[in-house]
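# Architecture at a glance
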Amino acid sequence: MIAIVQYNAGNTGSVQNALARLGCESIVTDDSNELLKADKVIFPGVGEARSAMSFLREKGLDVVLKSLNQPLLGICLGLQLMCSYSEEGETACLGVFPNRISRFVKPEIVPHVGWNNVSYREDRLFKEIPQDTDFYFVHSFFADLSEDTAAVCNYGESFSAALARDNFYAVQFHPEKSAAMGQQILKNFLAL
Amino acid sequence: MLKKRIISCLDIRDGRTVKGINFINIRDAGDPVELAERYVREGADELVFLDISATNEKRATLVNLVQKVAKKIDIPFTVGGGINSLKVASDVILAGADKVSLNSAAVKQPNLIQELANNYGCQCIVLAMDVKWVNGKWKVFTHGGKVETEWEAMAWAKRTEALGAGEILLTSMDNDGTKGGFQIEVTKDIAAALKIPVIASGGAGSIAHFEEVFTQTKATGALAAGIFHYGEVRISDLKQALKNKQIAVR
């Protein structure tokens, strides 16, 4: 069973619909036990970092998410919350990845909205996806580069479009909204 | 590189797609979900559903349609028309819309923009403004183009950006449905003055019009309805033509 983390900043419906299109059933839950026993966990997110982190801490989900041994996929705000620190509300985040989240200042237009191409290093998450494929992004804050950077995108500056370490994966773009190639990312994650 | 977005708009009335000229003379243009699927196949980057018949009685029909679209469609979509409270916006977002577009309600109660931004983030708010050239000024109109407001386009655009709008969907009523091209001047001025993305709308009639708006203004997206519905311009052909002109598209 795939569990989608429910919290105050999730676009859980879109992710659930995308999984259903792949013939995969999922549950949306904030119950620690459900998350711990799921085969895989998806941690989506649209919203603001500080209030999202307080919610996770209140529910004890911060500890649970970090302790998962099964594959976990963070999406958009999910990726940012898996990093060490976010400038948005000066928020200490989960620290799964060492990256820092900053606000875009170099680009002329913010937020970064639309389809942008990413280049990736060999990773099972990008199996059967051509280099420089376009994915759909919508965000004002970005993760810098680190040794966990699995894919890079450029918008005024280079940032982490995907992160990966052990069983932890995260993407800044929205695979659930990125047409066929986005679906392929989810398929790859489900196959891990 | 961030690509220019080609956005296909479906005007909805009573659950069907319709299209009018200069905001009147409405005619039927097909089933919204089928059309939406066709646009995704042809490579549309986003979809917009505007419920032009929006009334409280018909809202359930709209929410139902949004759910159906969300199940089938794997690209971002915006829903607008009659979004006049946090409750209605929430219903549409929870039904699966990625963004809601505000128009008349934002003019009437600008705080709705802030309220929505606080609850769902700026990225889900598309501020739709219908503008018309009146006595030497670009004026903002509401209620499907029927009511002239006090606002001038530039002032209103800046105000809504400050309140938390994530994008501006700028429609020139003078150009809408004419197929004579986008309104370059007002699009250029507003897109240059704002930090948030601006989508040009109204008047697309040929591939050249998209090229024009992307090379002469900072609009990051261009929206059209009629020319896509009736197959006059196929989105896949449009994108290939833009690529040939070195305009970055997906």
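Right, let's walk through the structure included here. These figures come from a predicted structure and were not determined experimentally.

### Looking at the interface of chain B and chain A
On the chain A side, the residues contacting the 27 residues of chain B number 26 residues. Carbon and sulfur atoms supply 53% of the area that chain B and chain A bury against each other, a total of about 2200 Å² over both sides. Interface area lost by chain B to chain A is led by Leu2, Asp74 and Lys195 of chain B, which between them contribute 29%. Seen at the junction of chain B and chain A, the total is 3 salt bridges. The salt bridge involving Lys218 of chain B is made with Glu108 of chain A; its shortest N-O contact spans 3.2 Å. Along the contact surface separating chain B from chain A lie 17 residue pairs in polar contact (both at pLDDT 80 or more).

### What about the pattern of salt bridges?
Under the criterion given, the structure shown has 18 salt bridges over all chains. In this structure, a network of salt bridges that share partners links the residues Arg5, Glu46, Lys99 and Glu167 of chain B.

### A few points about the packing of aromatic side chains
Here the distance between the centres and the angle between the planes together describe a pair of aromatic rings. Tallying each qualifying case throughout the model produces 17 aromatic pairs over all chains. Pairing Phe137 of chain A with Phe159 of chain A gives two aromatic rings, centres 5.8 Å apart and planes at 85°, and the pair type is edge-to-face. With Phe137 of chain A in strand E9 (residues 133-139) and Phe159 of chain A in strand E12 (residues 157-165), the pair connects residues that are 22 residues apart, well separated along the chain. Phe159 of chain A carries the same exposure label as Phe137 of chain A, and that label is buried. With a centroid separation of 6.1 Å and an interplanar angle of 25°, the aromatic rings of Phe210 of chain B and Phe228 of chain B are classed as stacked. With Phe210 of chain B in helix H8 (residues 207-216) and Phe228 of chain B in helix H9 (residues 226-229), the pair connects residues that are 18 residues apart, well separated along the chain. Pair check on accessibility: Phe210 of chain B and Phe228 of chain B agree, each one buried. Sitting above the plane of the Phe141 of chain B ring, Lys132 of chain B keeps its charged end 5.4 Å from the centroid. Over the face of the ring belonging to Trp115 of chain A we find Arg250 of chain B, whose NZ or CZ atom lies 3.7 Å from the ring centre.

About the thresholds
Position numbers for residues count from 1 along each chain, tracking the sequence in the order it is written. Labels are handed out in written order, letters beginning with A for the chains and numbers beginning with 1 for the ligands. Local features are withheld for residues below a pLDDT of 70 in this predicted model, meaning they are given only at 70 or higher, and side-chain atom pairs are given and counted only at 80 or more; totals for whole chains, interfaces and linings count all residues. In computing side-chain values, all of the structure's heavy atoms are included and hydrogens and water are not. The contact rule is simple, with two residues in contact once any of their heavy atoms fall within 4.5 Å. Once two parts are brought into contact, the accessible area they lose, counted with a 1.4 Å probe and summed over both, makes up the buried area. Salt-bridge detection follows one rule: a side-chain nitrogen of Lys or Arg within 4 Å of a carboxyl oxygen of Asp or Glu. A 3.5 Å cut-off defines polar contacts: any pair of N or O atoms within that distance qualifies, except that in protein one atom must be a possible hydrogen donor and the other a possible acceptor, and neighbouring residues in sequence count only when both atoms are side-chain atoms. Aromatic rings from Phe, Tyr and Trp, with only the six-membered ring used for Trp, were paired whenever their centres fell within 6.5 Å, and each pair was classed as stacked if the ring planes differed by under 30 degrees, edge-to-face if by over 60, and tilted otherwise. Runs of H or I in DSSP of at least four residues are treated as helices and runs of E of at least two as strands, each being numbered from the N terminus. Only protein chains enter the accessibility calculation, which uses a 1.4 Å probe; a residue whose area is less than 20% of its type maximum is buried, one above 50% is exposed, and one in between is partly exposed. Two limits define a charge over a ring: the Lys NZ or Arg CZ must be within 6 Å of the ring centre, and within 35 degrees of the ring normal.

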